[in-house]
Amino acid sequence: MEWLFLGCFCALLLASMVLKFHILYALLGGYLLFFLYGLLQKHSPAALLKMSAQGIRTVRNILFLFLLIGMTTSLWRGSGTIAYLICRSAEFISPTVFPLLSFLLCSGMSFLTGTSFGTAATVGAICMAMANTMGLSPTLSGGAILAGSFFGDRCSPMSTSALLVSALTETDLYRNLKRMMTSAAVPLAITCLIYLAAGFAVGDGAFSQDVLAPFSQGFSLHWITVLPAVVIVLLSLFKCKVKLTMGLSILVSGVLCVTLQGMSPGDLVQTALTGYTSSLPALNALLAGGGLVSMVKPFCIVCISSTFSGLFEGTGLLDGMKASTYRLGERVTAFGSLLAVSILTCLIACNQTLAIMLSHTLCKDSQNSQDLAIGLENTAVVIAPLIPWSIAGAVPLASLNAPTSAILAACYLYLIPLWNLAVHFSRKSKPPVEPVA
C-alpha cells in the first residue's frame, strides 16, 4: 500500500510538470493522498491533523523569515544596492576571465541575498547579456551563472534552504555555515580553475557597457548604497540572530530608498509588499521583483511539504524505505546513502524544498543531526538544480534564456557531492587506529 500511495504522488508531480501546473496543486493532492493513507491505517482525522501541525511547527520560524527575505530582496533593489554591486563588479570584467568572474559575481550576490532565483534573474541576467555581447558559449556562461546562483542558496545566512535544513535537523545555522564552507573548499577551488581555463580557451570578444546603462539612469549609484549588504556580512560574522540581521538590513535599505533614491514613504511600503518596479522599461526588465508577495508561493510550498514529514512520521509510511537506506549506508557510507536518496527525491519531487524534507525523513535515523545537516547541504540542495525538470534548475535557466545543456557546465554543483563522497569513502577505508599500550 505504501508504494501505491507514493506512486500516485509521483504521478501527480509528473502530471503537474507535463501539464505545466504549479507544483502547489501536486503537493495539495499529495497531502490528501497521505491523509487518506492515514485514515486507512486507522488513524483518526484529529490525529492526522495533529501530525500535520507538528510538521508545520518544525519549520514555523523560517516561515516568518520568508517574509523578511521577501522585503529584503525588494528593498535592496529599490535602494540601489544590487545595481551598485553589479556596476562596480563589471569594471573588472574581461572576456578571458568572464566565466570565472560570472561565477564569483553570482556567488557573491547569492551569498548576500540568499536567493538563487533572485540572483539568476538580476545579476545572472546581466552576466548572460554580457556573455552574449562577447560571443561566449551560452552553455558555459549559463552553467557558471547557475552554479554561482546556488553558492549562496547553500551557505548564506539568508538562504531559505539553509534555514530549512537547520530547522529540520535542529542544528545551529552558523555552525552549519562554517562546516559548509570547509566541505566545499576543494570543489570551489577546482571550479574556479575550470572556469579560468575555459575563459582563456574561448574568451576573445569585446564587452559593451551599454548593458549597464539602465542602472546609472535609474539610480544614484553612491557608495553608501552598499551599506545594506555590509550589515548582512558584518552581523553574520558576529553570529547575530538572523531575524535581527535581516531586520537591520531592511531598515538601512529603506532609509536609502527614501533619502537617496527619492522614493516616497507610500512607495516604500508598496515596494516592501509587492516588490520593486521602475518607470524605466529597461530597468524594470532587469530588477523588478521581490517583496512579500514573491514569497507567498515558497511559503506555501514549505508549509504543505512540512505536513508530509509529520504524516510520514506518525503513520510510518516510509519506515520500510528507512530500513533500506540504513542497510545501504552500511555498504556505501551514510553520506553515500544520503546521496542516493537525494538523487531519487530530487528526480521525483521536482522542487528543492520537498527533496530536502523527504531526504531528511528517510535518513535522519542513520546519522547524527550535525552530519545530516551538512550532508543535506552537500546533496539535496545542490542536486536539485541539476535535474532538468526540477523548478530549482529550470526557472533560473529560463530567466537566463540559457540552454538546458548549461547544467553540464555547472561544475560546482556536482563537484561538491562527488568530492564529499570521495572523502567519506577514504575515511571508511582507513584502518582503525590501534590504542597505545
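Residues numbered from 1 in each chain as written. Predicted model: local features only at pLDDT ≥ 70, side-chain atom pairs only at ≥ 80, totals over all residues. Heavy atoms only, no water.

A count of helices and strands for the chain gives 23 helices and zero strands. Relative to the globule expectation of 22 Å for 437 residues, the C-alpha radius of gyration of the chain, 22 Å, shows essentially globular dimensions. Dimensions along the principal axes, computed over C-alpha positions, put the chain at roughly 65 × 55 × 50 Å. Taking all 437 residues of the chain together, 56% fall into the buried category. (Helix = DSSP H or I, 4+ residues; strand = E, 2+ residues; numbered from the N terminus. Rg over C-alpha atoms; globule rule 2.2 N^0.38 Å. Buried < 20%, exposed > 50% of the residue type's maximum accessible area, 1.4 Å probe, protein only.)

Under the definition given, this model contains four salt bridges. With a shortest N-O distance of 2.8 Å, Glu313 and Lys364 are connected by a salt bridge. Linking Glu313 in helix 17 (residues 296–315) with Lys364 in the loop between helix 19 (352–363) and helix 20 (369–377), this pair joins segments that are 51 residues apart in sequence. Across the pair Asp365 and Lys322 runs a salt bridge, and its minimum N-O distance is 3.9 Å. Linking Asp365 in the loop between helix 19 and helix 20 with Lys322 in helix 18 (residues 319–349), this pair joins segments that are 43 residues apart in sequence. Among the residues examined, Lys322 registers a relative accessible area of 12% and is labelled buried. A single network of salt bridges, built from pairs that share partners, joins Glu313, Lys322, Lys364 and Asp365. (Salt bridge = Lys/Arg side-chain N within 4 Å of Asp/Glu carboxyl O.)

Within the secondary structure, Thr271 sits in helix 15 (residues 265–274). For Thr271, a relative accessible area of 6% gives the class buried. For Thr271, the side chain forms a polar contact with the main-chain oxygen of Asp267, separated by 2.8 Å. (Polar contact = N/O pair within 3.5 Å; in protein donor to acceptor, adjacent residues only side chain to side chain.)

Attention now goes to the environment of Met321. Among the secondary structure elements, Met321 is positioned in helix 18. For the pair formed by Met321 and Thr361, sequence separation is 40 residues and the distance between their alpha carbons is 10.0 Å. Residues within four places of Met321 in sequence aside, it is in contact with Trp3, Leu6 and Leu362. (Contact = heavy atoms within 4.5 Å.)

Let us look at the environment of Phe66. With respect to the helices, strands and loops of the structure, Phe66 is situated in helix 4 (residues 60–79). Each C-alpha atom, one on Phe66 and one on Arg327, is 37 Å from the other, the two residues being 261 residues apart in sequence. With near-sequence residues (within four places) excluded, Phe66 lies in contact with Thr160, Met295, Pro298, Phe299 and Val302.

With that out of the way, let us pick up the confidence of the model for the chain. For the chain, mean pLDDT is 87; residues scoring 70 or higher make up 96% of the total. When the criterion is pLDDT under 50, residues 432–437 qualifies, and its contacts beyond four places in sequence or with other chains add up to zero contacts. (pLDDT = per-residue confidence, 0-100.)

Let's shift gears to the packing of aromatic side chains. Here the structure, examined in full by the defined rule, presents 12 aromatic pairs. Ring centres of Phe103 and Tyr195 lie 5.5 Å apart, and the angle between their planes is 50°; this geometry places the pair in the tilted category. Placement of the pair is Phe103 in helix 6 (residues 98–113) and Tyr195 in helix 11 (residues 185–202), with a sequence separation of 92 residues. Take Phe103 and Tyr195: they sit in the same class, and that class is buried. A network of ring pairs unites the aromatic residues Phe9, Phe34, Phe308 and Phe312 as a single cluster. (Phe/Tyr/Trp six-rings, centres within 6.5 Å; stacked < 30°, edge-to-face > 60°.)

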